[in-house]
Every structure is written in C-alpha cells, then in structure tokens.
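# Inside the fold
Spelled out from the first residue to the last, the chains are:
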Amino acid sequence: MMKKNFIMAAVAAVAFQAVGLTGNLWAACTGYPNYVCSGTDQTVTVGLGRNENNVNVTVNTGATINVGNAPAISLGSGPVNGPNSTINIYGTVQNNAVNNSGGYGTGSDTIEVGSHYTIRVYNGGTVHSMGTQTNAEAINVHGFGNIITIDQGGTVKAENDAAIWFQDSQDY
C-alpha cells in the first residue's frame, strides 16, 4: 500500500509540472469579517471596497491571492476607537492591473484600505503589483491612522508605480 501511494504521489507531481503548476496553492478566503486565506483558488477581490469596514485578513504561508485586473484586497476602514483592523501577509497577494480604477477610484492597487489599518508583511510574505497600470500601487492607504510593517524577508513591490502610497484623504 505504501508503494502504491508513493507512485500515485509521484504521478501527480509529474502531472502538475507537465501543466506548469509548481505546487503553489491559491488562497480560498473564508470567515467574514475575519478572513483567513489558505488552501485553494482565490481569484476575486477580498472585500467590497470602501464600504466594508472592520474586516481582518490573514493570508497564510503558501497561499496566494491573484485576481488579475482588480484590487486583491479592497477594504474600508478599521474602528476609530479601539485597535486597528489588520491585514497579515504570510503568503502572496498580487494583481495584474491594466486599466481598473479600484474600489476607491485611484487605481487598481493590490491592497487598498481607508483608515485605521495595520498591514504587516511577514518574512516570506509578498505584495506585488505586476501590471502595466501606472496608478496601481502594491499598497495604498487612503486615510489616517494606518501602520505598515515589512519584516526582514518580506517583500512589497510594484512594476510600474510606487510600492507604497499614502493617498491621505480625509474622506476615509
């Protein structure tokens, strides 16, 4: 039985490589208002933009959110009184913005939030804006009271715009 399971696992690994899959998992995000992303495919934006407030997101190690021409995470604001809402990135969050205005109308940012958020990219975590759009930052915070921490070994990058942008609008 052990030999049979080993052979089946080897065949599956070869099949994944043959179609170009390398073993990275896509993230299925569940658990509103405290999303945890892990496991399988997440190809739609997490969050509903500026009107979805007090939401927390954790992208686990080995998971990927990849939404194409849209924000990957688009949330409103955290609580004014009390601790900030959080976005914790252990895995990968990316998009391929070309011509989308995003949830705030300022471009298809990979992660976009209003006010009172703590965003942390942990060692091995990545936030990546991969598209050609020149107003699509990897992280764009639109309001006030936000904290961004990038641990040693964490990555925030954008191909054609700023990696981090502070929109600083009093409207959020």
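Residues numbered from 1 in each chain as written. Predicted model: local features only at pLDDT ≥ 70, side-chain atom pairs only at ≥ 80, totals over all residues. Heavy atoms only, no water.

Turning our eyes to something else, we now look at the state of the cysteines. Think of a disulfide as a covalent bridge from one cysteine sulfur atom to another cysteine sulfur atom. Taken as a whole and assessed by the stated rule, the structure comprises one disulfide. Note on cysteine connectivity: Cys29 is disulfide-linked to Cys37, with sulfurs 2.1 Å apart. On the sign convention where negative means left-handed, the S-S torsion of about 115 degrees between Cys29 and Cys37 marks this disulfide as right-handed. A relative accessible area of 14% places Cys29 in the buried class. (Disulfide = S-S within 2.5 Å. Buried < 20%, exposed > 50% of the residue type's maximum accessible area, 1.4 Å probe, protein only.)

Taking every second residue as pointing to the same face, the buried face of strand 2 (residues 34-38) carries Tyr35 and Cys37, while none of Asn34, Val36 and Ser38 on the other face is buried. As paired elements, strand 1 (residues 28-30) and strand 2 share three bridges and run antiparallel to each other. Residue pairing across strands places Cys29 opposite Cys37, the latter belonging to strand 2. Taking the residues between adjacent antiparallel strands as the criterion, strand 1 and strand 2 are bridged by three residues, where Gly31 takes a positive phi near 105 degrees. (Helix = DSSP H or I, 4+ residues; strand = E, 2+ residues; numbered from the N terminus. Pairing = 2+ DSSP bridges.)

Turning our eyes to something else, we now look at the pattern of salt bridges. Under the criterion given, the structure shown has one salt bridge. For Arg120, the salt bridge identified is with Asp151, shortest N-O distance 3.0 Å. Of this pair, Arg120 sits in strand 9 (residues 117-121) while Asp151 is found in the loop between strand 12 (147-150) and strand 13 (155-158), placing the two residues 31 residues apart along the sequence. Its relative accessible area of 19% is what places Asp151 among the buried residues. (Salt bridge = Lys/Arg side-chain N within 4 Å of Asp/Glu carboxyl O.)

So, about the nonpolar core. Counting 27 residues, the largest nonpolar core has Val57, Ile65, Ile73, Ile87, Ile89 and Ile111 as the members making the most contacts within it. At three residues, the largest contribution of residues to this core is made by strand 9. Not counting residues within four places of it along the chain, the set of residues in contact with Val57 comprises Tyr35, Cys37, Val46, Ile73, Leu75, Thr86, Ile87 and Asn88. (Core = buried A, V, L, I, M, F, W, Y, C linked by side-chain atoms within 4.5 Å. Contact = heavy atoms within 4.5 Å.)

The next subject is the packing of aromatic side chains. Counted under the stated rule, the structure contains two aromatic pairs. With a centroid separation of 4.1 Å and an interplanar angle of 10 degrees, the aromatic rings of Tyr90 and Tyr122 are classed as stacked. You can see Tyr90 sitting in the loop between strand 6 (85-89) and strand 7 (92-95) and its partner Tyr122 sitting in the loop between strand 9 and strand 10 (126-129), a full 32 residues away along the chain. (Phe/Tyr/Trp six-rings, centres within 6.5 Å; stacked < 30°, edge-to-face > 60°.)

The next thing to look at is the environment of Ala158. With respect to the helices, strands and loops of the structure, Ala158 is situated in strand 13. Note: C-alpha distance between Ala158 and Gly131 (27 residues apart in sequence) is 8.2 Å. If we skip the residues at most four places from it in the chain, Ala158 touches Ser129, Ala136, Ala138 and Ala163.

Here four strands make up an open sheet; going across it, the order is 4-7-10-13 and the pairing parallel. Unpaired on one side and paired on the other, strand 4 (64-66) and strand 13 mark the two borders of the sheet. Direction aside, neighbouring strands of the sheet carry axes that sit 5 degrees apart on average. Both strand 10 and strand 13 contribute to a ladder of four bridges, which runs parallel. Bridge pairing in strand 13 places Thr126 opposite Thr155. (Axes fitted to C-alpha atoms, helices over the stretch in contact; angles between N-to-C directions.)

Moving on, we come to the environment of Ala97. The topology assignment puts Ala97 in the loop between strand 7 and strand 8 (111-113). With 63 residues separating them in the primary sequence, Ala97 and Asn160 have C-alpha atoms 9.8 Å apart. Beyond its immediate chain neighbours, meaning those up to four positions away, Ala97 contacts Gly68, Asn69, Ser108, Gly131, Thr132, Gln133 and Ala136.

If you trace the backbone, Gly78 turns up in the loop between strand 5 (73-74) and strand 6. Sequence separation of Gly78 and Glu52 is 26 residues, and the distance between their C-alpha atoms is 9.3 Å. Among residues more than four places away in sequence, those in contact with Gly78 are Asn54, Ser85, Ser115, His116 and Tyr117.

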